[in-house]
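Structure at a glance
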Amino acid sequence: MEKYKDLENVAKNMRVNIINMLKESKSGHPGGSLSACEILTALYFKEMKIDSKNPNWEDRDRFVLSKGHAAPVLYAALAEKGYFPKDELMKLRKTDSMLQGHPDMKGTPGVDMTTGSLGQGLAAANGMALAGKLDKKDYRVYALIGDGESQEGIIWEAAMLAGHYQLDNITVFLDHNGLQIDGTNKEVMNIEPIDEKFKSFGWHVIKIDGHSFEEIFEALDEAKNTKGKPSIIIAKTIKGKGVSFMEDQAGWHGKAPNEEQALKAIDELGGGVND
């Protein structure tokens, strides 16, 4: 839609930079980074109350990337937003770089929580949301979880806690692309019916197309207006979105493109290096 053209351009820039940084590092996770670009674009460029010049602002909204292996999408969003120069992206996973393979809150401006061990990010986000309630702060907490990590027991302990404490200041996105490192969710460990599971833990559940800005913002508004319950937005996405040979392919969960593949991907995305 024309009204979201600027955001679509941001998401495209992020995808191009994800491909470039992974090509340069020769390692990383493209599939689940590319699938979440619209979600992070919506959060960082419209929804969240943040200040890139003051990353530790006490009253800012918080974001936790629970599926920490998708760090490239978070780094692309932070660089696009101005938390650090874009040339830092080309140092992904390098020794002494601020951008390691998983987010590090002590090393990277704008990262609110160190993540990597799957499932733990949602519990941390709960802690932030509960602290906000106790401190009578009006900030909101957002988290992004993955399909594969939804097989982790700690996700469901965290889901139970959020429901019990009625954490209506937390909104979680499930990047529901249906794939993980070893194949489909249904083959590895079926998580369905994922919506009914969260409902049973006291959550307000919203299901959307995770690549539609219109549906993302409608869901965010619904979540903000839901009182007494945490909200989860189950976002149907495509792993590797935007790159034909990566789309819906489990093999691109944790494999970096080579030079030729990167050039093809960037051509398909419709752009070169984005400043």
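Here we summarise the structure given alongside this text. Counting of residues starts from 1 at the beginning of each chain's written sequence and follows it residue by residue. The model is predicted, so local features are restricted to residues of pLDDT at least 70 and side-chain atom pairs to those at 80 or more, both for listing and for counting; the totals for chains, interfaces and linings are taken over all residues. Working from all heavy atoms in the structure, the side-chain values ignore hydrogens and water.

**Some details on the overall build of the protein**
Check the secondary structure of the protein and you find 10 helices and 7 strands. By the compact-globule yardstick of 19 Å for 275 residues, the protein fits well, its C-alpha radius of gyration being 17 Å. Counting only C-alpha atoms and orienting by the principal axes, one finds that the protein spans roughly 50 × 45 × 40 Å. Expressed as a percentage of its 275 residues, the buried residues of the protein come to 56%. Using the Shrake-Rupley algorithm and a 1.4 Å probe, accessible areas are obtained, with residue cover drawn only from the displayed protein chains. Total accessible area computed for the protein in this model is approximately 11800 Å², and 48% of it derives from carbon and sulfur atoms. A run of H or I in DSSP becomes a helix once it reaches four residues, and a run of E becomes a strand once it reaches two; helices and strands are each numbered from the N terminus. We compute the radius of gyration from the C-alpha atoms alone; for a globule the expected value is 2.2 Å times N to the 0.38, where N is the number of residues. Each residue's exposure class comes from its accessible area (1.4 Å probe, protein chains only) as a fraction of the maximum for that residue type: buried when under 20%, exposed when over 50%, partly exposed otherwise.

**Things to note about the sheet that holds strand β2 (residues 141–146)**
Here, strands pair whenever DSSP counts at least two bridges between them. Pairing is parallel across the open sheet formed by 5 strands, whose spatial order is β1-β2-β3-β7-β6. This sheet does not close on itself; its edge strands, each paired only once, are β1 (62–65) and β6 (204–209). Ignoring which end each strand starts from, the neighbouring axes of this sheet average 20 degrees apart. Those strands touched by helix α3 (residues 37–47) are β1, β2, β3 (170–176) and β7 (231–236), and its axis lies near 170 degrees from that of β2. Lines are fitted to the C-alpha atoms to define the axes, a helix being fitted only along its stretch in contact, and any angle between axes, read from their N-to-C directions, falls within 0 to 180 degrees. Throughout, a residue-residue contact means that at least one pair of heavy atoms, one from each residue, lies within 4.5 Å.

**Brief notes about helix α6 (residues 153–164)**
Compared with the 16 Å implied by 1.5 Å per residue over 12 residues, the 17 Å span of α6 between its first and last C-alpha is a close match. Among all positions of α6, only I155, W156, A158, A159, A162 and G163 are buried. For α6, the buried positions fall inside an angular range of 160 degrees around the axis, keeping them on one side. Facing away from the buried side of α6 by over 90 degrees, the exposed positions are E157 and H164. On its buried side, α6 packs onto α5 (120–134), β2 and α8 (194–200). Immediately beyond the C-terminal end of α6, within one or two residues, lies Q166, with a positive phi of roughly 50 degrees. Each helix should span, by expectation, one fewer than its residue count multiplied by 1.5 Å. The arc under discussion is defined with respect to the helix axis, by the directions toward the C-beta atoms.

**So, unusual backbone geometry**
With an omega of -5 degrees, the peptide bond running from E192 to P193 counts as cis. Here P193 lies in the loop between α7 (185–189) and α8. Even without glycine at this site, R93 takes up a positive phi of about 65 degrees. Inspection of the secondary structure puts R93 in the loop between α4 (71–81) and α5. Not every positive phi belongs to a glycine, and K136 is a case in point at roughly 55 degrees. With respect to the helices, strands and loops of the structure, K136 is situated in the loop between α5 and β2.

**As for the pattern of salt bridges**
Definition used for salt bridges: Asp or Glu carboxyl oxygen within 4 Å of a side-chain nitrogen of Lys or Arg. Summed over all chains, the structure comprises 15 salt bridges. The partner of K224 in a salt bridge is E47, with the nearest N and O atoms 2.9 Å apart. Taken together, the residues span a long stretch of sequence, with K224 in helix α9 (residues 213–224) and E47 in helix α3 at a distance of 177 residues. Relative accessible area serves as the criterion here: at 15%, E47 is assigned to the buried category. K49 is paired through a salt bridge with D138; the nearest N and O atoms lie 3.1 Å apart.

**Quick look at the packing of helix α1 (residues 5–25) against α3**
Running from N to C, α1 and α3 cross one another at 120 degrees; their axes reach a closest spacing of 9 Å. In terms of their interaxial angle, α1 and α3 are classed as oblique. As for the relative orientation of α1 and α3, their crossing is right-handed in sense. Where α1 approaches α3, its residues L7, V10, A11, M14, R15 and I18 are matched on the opposing element by C37, E38, L40, T41 and F45. Grouping the constituent residues of the contact of α1 with α3 by class yields 8 nonpolar, 1 polar and 2 charged. In these notes the angle categories are as follows: under 35 degrees is roughly parallel, over 145 is roughly antiparallel, 65 to 115 is roughly perpendicular, and the rest is oblique. Handedness of a helix crossing follows the sense of rotation of the near helix relative to the far helix, less than a right angle counterclockwise being left-handed and clockwise being right-handed. Ten residues, namely Ala, Val, Leu, Ile, Met, Phe, Trp, Tyr, Cys and Pro, are considered nonpolar, four, namely Asp, Glu, Lys and Arg, are considered charged, and the remaining ones, Gly among them, are considered polar.

Scope: geometric values only; no functional claims are made or implied.
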